[in-house]
Amino acid sequence: TTEVVVEDDNEDKNDIGVTEEQMELDIEAAAAVAADNIEAIAEQVDIVAAAALPKKETEFRQSQCERWNDRYAELVEFHANFHHCDVPEKHNKQLLSWVRRQRRQYKQKQEG
């Protein structure tokens, strides 16, 4: 008599017939798709949020940002000249007010 040997190809497969390697590849692919979806959703949220802001508010935020950058540049220049950031009142009142506000806001943020 001839003995028939049947090899079991299901050794590495789970209950649904998928290898661990295939499952890992599927998980990596799903994670990549999820990351792409999250990025796309974030972009859509940014677009919707920008559209929800009135034009005047958007312009205000832009000008506010420009003013902040201007004051920061002034402080950098002051520091380059005097090697400290303790702006005296007689030097530039607007810069002094800005520095005080930055320090106050930083402290509030640190305190929670």
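Q: I'd like a rundown of the nonpolar core, residues and numbers included.
A: In this structure, Leu75, Phe78, Val87, Leu95, Leu96, Trp98 and Val99 together form the largest nonpolar core, which totals seven residues. At the level of elements, α2 (55–82) and α3 (93–111) are the ones that each hand at least two residues to this core. When residues no more than four places from it in sequence are discounted, the contact partners of Phe78 are His83, His84, Cys85, Asp86, Val87, Pro88, His91 and Leu95.

Q: Account for the layout of surface pockets, naming residues and giving values.
A: By volume, the largest pocket amounts to about 180 Å³. When contributions to the lining of the largest pocket are tallied by element, the ones reaching two or more residues are α2 and α3. Classifying every residue of the lining of the largest pocket gives two nonpolar, three polar and three charged.

Q: If you had to explain α3 to someone new, which residues and values would you point to?
A: Given a rise of 1.5 Å per residue, 19 residues ought to cover 27 Å, and the 27 Å separating the end C-alpha atoms of α3 matches this to within 8%. Within the span of α3, buried status applies to Leu95, Leu96, Trp98 and Val99. Seen from one end, α3 has its buried residues packed into an arc of 165 degrees, which puts them on one side. The exposed residues of α3 that point more than 90 degrees off its buried face are Lys93, Gln94, Arg100 and Glu111. In this structure Asn92 caps α3, since a side-chain oxygen of it lies 3.1 Å from the backbone nitrogen of Gln94. Residue Gly112 follows α3 closely and has a positive phi angle near 90 degrees.

Q: Can you explain a nonpolar patch on the surface? Please cite residues and give values.
A: Taken together, the side chains of Trp68, Tyr72 and Val76 define a hydrophobic patch exposed on the protein surface, amounting to about 290 Å² of accessible area. Its place among the elements puts Val76 in helix α2.

Q: Quick one: what's the story with the confidence of the model for the protein, residue by residue and with numbers?
A: Per-residue confidence for the protein gives a mean pLDDT of 78; residues scoring 70 or more make up 74%. Per-element confidence in the protein is highest for α3, whose mean pLDDT is 92, and lowest for helix α1 (residues 20–52), whose mean pLDDT is 73.

Parameters at a glance
- Residues numbered from 1 in each chain as written.
- Predicted model: local features only at pLDDT ≥ 70, side-chain atom pairs only at ≥ 80, totals over all residues.
- Heavy atoms only, no water.
- Core = buried A, V, L, I, M, F, W, Y, C linked by side-chain atoms within 4.5 Å.
- Buried < 20%, exposed > 50% of the residue type's maximum accessible area, 1.4 Å probe, protein only.
- Helix = DSSP H or I, 4+ residues; strand = E, 2+ residues; numbered from the N terminus.
- Contact = heavy atoms within 4.5 Å.
- 1 Å grid on protein atoms, 1.4 Å probe; cavity = no way out; pocket = protein on both sides within 12 Å on 5 of 7 lines; lining within 4 Å.
- Points joined across faces, edges and corners; volume = space filled by probe spheres on them.
- Nonpolar A, V, L, I, M, F, W, Y, C, P; charged D, E, K, R; others polar.
- Expected span 1.5 Å × (residues − 1).
- Arc of directions from axis to C-beta.
- Polar contact = N/O pair within 3.5 Å; in protein donor to acceptor, adjacent residues only side chain to side chain.
- Patch = residues over 30% accessible without salt bridge, like charges linked within 9 Å, V, L, I, M, F, W, Y side chains within 5 Å.
- Areas by Shrake-Rupley, 256 points an atom, 1.4 Å probe, with all protein chains shown as cover.
- Salt bridge = Lys/Arg side-chain N within 4 Å of Asp/Glu carboxyl O.
- pLDDT = per-residue confidence, 0-100.

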